[in-house]
Amino acid sequence: MPENTSETPKPKPKNPKAAYHWKLLKSVLTKKQISRDETHSVRRIQSFGLISKEKTKEDASYEWISYTLPHTTLCLRQRKEESVSFDDVQAALKCGVDNTGAFMWLAEETLTHYFFKHPELYSGKRILEIGSGVGLLGFSLHTLMAEPQVKTASQPNNNDDSSSTNELSSTQQTATQPTSSTSSCAPAYTLPPQAVCISDGNPSVVDNLQWNATALENCTATCKQVLWHKAETYNNVGAVDLICGADCLFFEQFHDSLIEMFDYFLAQKEDVQILLLQPKRGKSMQNFIDKWKTKHSEQTTLVVVEDFDPQVTAKHQSMLTNPDYDANLHQPLLMRINRPRKAGGE
């Protein structure tokens, strides 16, 4: 009998995102909680401790966390990890966007910390936060919008030679006259953000963002569902000066859509900047960079900075001995994208 030389058909590759969604569905139907190690994005390390926080309230599905910012406190409602519902899974399957944004991530905390150390990022800017999740950054920026000017770090007073320590102000104030000449540092003031749009693709996450916006007093930030693969969800956002996001590059199937959305906003204004805080997550980040550079060549600049903040670097170094810490999954890197100004356009 002749030997069968036909090759055994290879199984079709699994869709990891679909597999995860079905795992979520199974967990809801069987009332079995999914362990953190079974999810796509490992949350064993959830914080660098850069922003103090405290749980103030909880119910069966949500917990309320109070964050201590340099100038105020901010209390936000967020989902409990074990409270994923059938409706959540249905919403994720319908829109094609995972529900990982329902929880706080290390990169979101770190990006918020970075913004408060660099007020030039938000001063007078129209800001679009993508993949906002809990919305810590966007709602933190909202708290700055109540005043015509925001007191930030002290700056040297050229009219005084005495010494003093530069500190972040613990209160938010309207600009006043410089301090007495007995101090070497005059208070520095910056404009608050001009507008803040907090967005996510998952409708359940957006519902919670809108709940928090309603709960916050006089919230001027807008909350919106933005699907990167559907231009109609972002082409009415209006002009923006800065797009920012934390840990938005993990799902590589969204890279093309994300690039198309970035291109749309870069075409609206010459000086639009994109700021992403992102761990490497295997090859995901590098694959995005390669795809971006292949498409854009010399049209834009893309820079990734590892040691972008001394405190973050110190926290990273101190965590290297923690067996739960994986730099590939947890160390945030700062990515900046912008379009160089045309010659003579200065």
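Above this text is the structure in question.
Keep in mind that what you see is a predicted model, and the values were worked out from it rather than measured. (Residues numbered from 1 in each chain as written. Predicted model: local features only at pLDDT ≥ 70, side-chain atom pairs only at ≥ 80, totals over all residues. Heavy atoms only, no water.)

**Examining the pairing of strand S8 (residues 222–225)**
Where strand S7 (residues 195–200) meets S8, four bridges bridge the pair, whose relative direction is parallel. Note on S8: the bridge partner recorded for isoleucine 198 is cysteine 223. Tracing the backbone out of S7, into helix H5 (residues 203–215) and back to the parallel element S8 gives a crossover that is right-handed. (Pairing = 2+ DSSP bridges. Helix = DSSP H or I, 4+ residues; strand = E, 2+ residues; numbered from the N terminus. Right-handed = clockwise from strand over helix to strand, strands pointing away.)

**Observations concerning the packing of aromatic side chains**
Inspection of the entire model under this criterion finds 11 aromatic pairs. Between the aromatic rings of tryptophan 228 and phenylalanine 254, the centroid separation amounts to 6.2 Å while the plane-to-plane angle is 85 degrees, which identifies the pairing as edge-to-face. Taken together, the positions of tryptophan 228 in the loop between S8 and strand S9 (242–246) and phenylalanine 254 in the loop between S9 and helix H6 (255–268) put the pair 26 residues apart, joining distant regions of the chain. Residues tryptophan 228 and phenylalanine 254 agree in their burial class; the two are buried. Taking the centre distance of 6.2 Å and the plane angle of 85 degrees together, the rings of phenylalanine 251 and phenylalanine 254 count as edge-to-face. Across the pair, phenylalanine 254 and phenylalanine 251 agree in class, each one buried. The rings of Trp228, Phe250, Phe251 and Phe254 are connected pair by pair, giving a single aromatic cluster. Directly above the aromatic system of tryptophan 211 lies the positively charged group of arginine 77, at a separation of 4.1 Å from the ring centroid. The ring of tyrosine 62 has arginine 79 lying over it, and the distance from NZ or CZ to the ring centre is 5.2 Å. (Phe/Tyr/Trp six-rings, centres within 6.5 Å; stacked < 30°, edge-to-face > 60°. Buried < 20%, exposed > 50% of the residue type's maximum accessible area, 1.4 Å probe, protein only. Lys NZ or Arg CZ within 6 Å of the ring centre and 35° of its normal.)

**Looking at unusual backbone geometry**
When glycine is set aside, most residues are seen to have a negative phi, and most peptide bonds are trans. With a phi angle near 55 degrees, asparagine 218 is a residue other than glycine that sits in the positive phi range. Residue asparagine 218 is classed as exposed on the basis of its relative accessible area, which comes to 64%.

**Quick word on the packing of H6 against helix H7 (residues 284–296)**
Relative orientation and spacing of two packed helices are given, respectively, by the angle between their axes and the distance between those axes. For the pair H6 and H7, interaxial distance at closest approach is 11 Å and the crossing angle is 50 degrees. Accordingly, the angle class assigned to the pair H6 and H7 is oblique. Crossing of H6 over H7 shows right-handed handedness. Within the contact between the two elements, H6 uses His255, Asp256, Leu258, Ile259, Glu260, Phe262, Asp263 and Leu266 and H7 uses Ser284, Asn287, Phe288, Lys291, Trp292, Lys295 and His296. Considered class by class, the residues forming the contact of H6 with H7 number six nonpolar, four polar and five charged. (Axes fitted to C-alpha atoms, helices over the stretch in contact; angles between N-to-C directions. Parallel < 35°, antiparallel > 145°, perpendicular 65-115°, else oblique. Left-handed = near helix turned anticlockwise from the far one by under 90°. Contact = heavy atoms within 4.5 Å. Nonpolar A, V, L, I, M, F, W, Y, C, P; charged D, E, K, R; others polar.)

**Re the pattern of salt bridges**
Within this structure, the stated rule accounts for 10 salt bridges. In this structure, lysine 55 and glutamate 58 form a salt bridge, with 3.9 Å as the shortest nitrogen-oxygen distance. The salt bridge involving aspartate 256 is made with lysine 291; its shortest N-O contact spans 3.2 Å. Of the two residues, aspartate 256 sits in helix H6 while lysine 291 sits in helix H7, which places them 35 residues apart along the sequence. Bridged by salt links that share partners, the residues Lys55, Glu58, Glu63 and Lys80 form one connected network. (Salt bridge = Lys/Arg side-chain N within 4 Å of Asp/Glu carboxyl O.)

**Some words on the environment of alanine 314**
Structurally, the position occupied by alanine 314 is in helix H8 (residues 310–319). Separated by 266 residues in sequence, alanine 314 and phenylalanine 48 place their C-alpha atoms 9.9 Å apart.

**Thoughts on the environment of glutamate 120**
Within the secondary structure, glutamate 120 is located in the loop between helix H3 (106–117) and strand S4 (126–130). On the accessibility criterion, glutamate 120 (47% relative accessible area) is partly exposed. Placed 71 residues apart in sequence, glutamate 120 and leucine 191 show a C-alpha to C-alpha distance of 8.8 Å.

**A word on H8**
Restricting attention to buried positions, one finds in H8 the residues Val312, Thr313, His316 and Met319. Viewed end-on, H8 has its buried residues packed into an arc of 130 degrees, placing them on one side of the element. Buried-residue contacts for H8 involve H3 and helix H9 (327–330). For H8, the capping residue at the N-terminal end is aspartate 309, with a side-chain oxygen 3.0 Å from the backbone nitrogen of glutamine 311. (Arc of directions from axis to C-beta. Polar contact = N/O pair within 3.5 Å; in protein donor to acceptor, adjacent residues only side chain to side chain.)

**Section: the side chain of histidine 142**
Among the secondary structure elements, histidine 142 is positioned in helix H4 (residues 136–142). By relative accessible area, which is 8% here, histidine 142 ends up buried. Excluding residues that lie within four positions of it along the chain, histidine 142 makes contacts with Leu216, Glu217, Asn218, Cys219, Thr220 and Ala221.

**Considering the sheet that holds strand S1 (residues 52–58)**
With antiparallel pairing, the three strands of this open sheet are ordered in space as S1-S2-S3. Here the strands that pair on one side only, and so sit at the sheet edges, are S1 and strand S3 (73–79). Between one strand axis and the next, the sheet turns by 30 degrees as a mean value, whatever way the strands run. Strands strand S2 (62–68) and S3 of the sheet are contacted by H5, whose axis makes an angle of about 150 degrees with S3.

**Re the nonpolar core**
In this structure, Leu76, Leu111, Phe115, Phe139, Leu141 and Leu275 are the most contacted members of the largest nonpolar core, which totals 45 residues. Top element by residues in this core is H3. It accounts for six residues. (Core = buried A, V, L, I, M, F, W, Y, C linked by side-chain atoms within 4.5 Å.)

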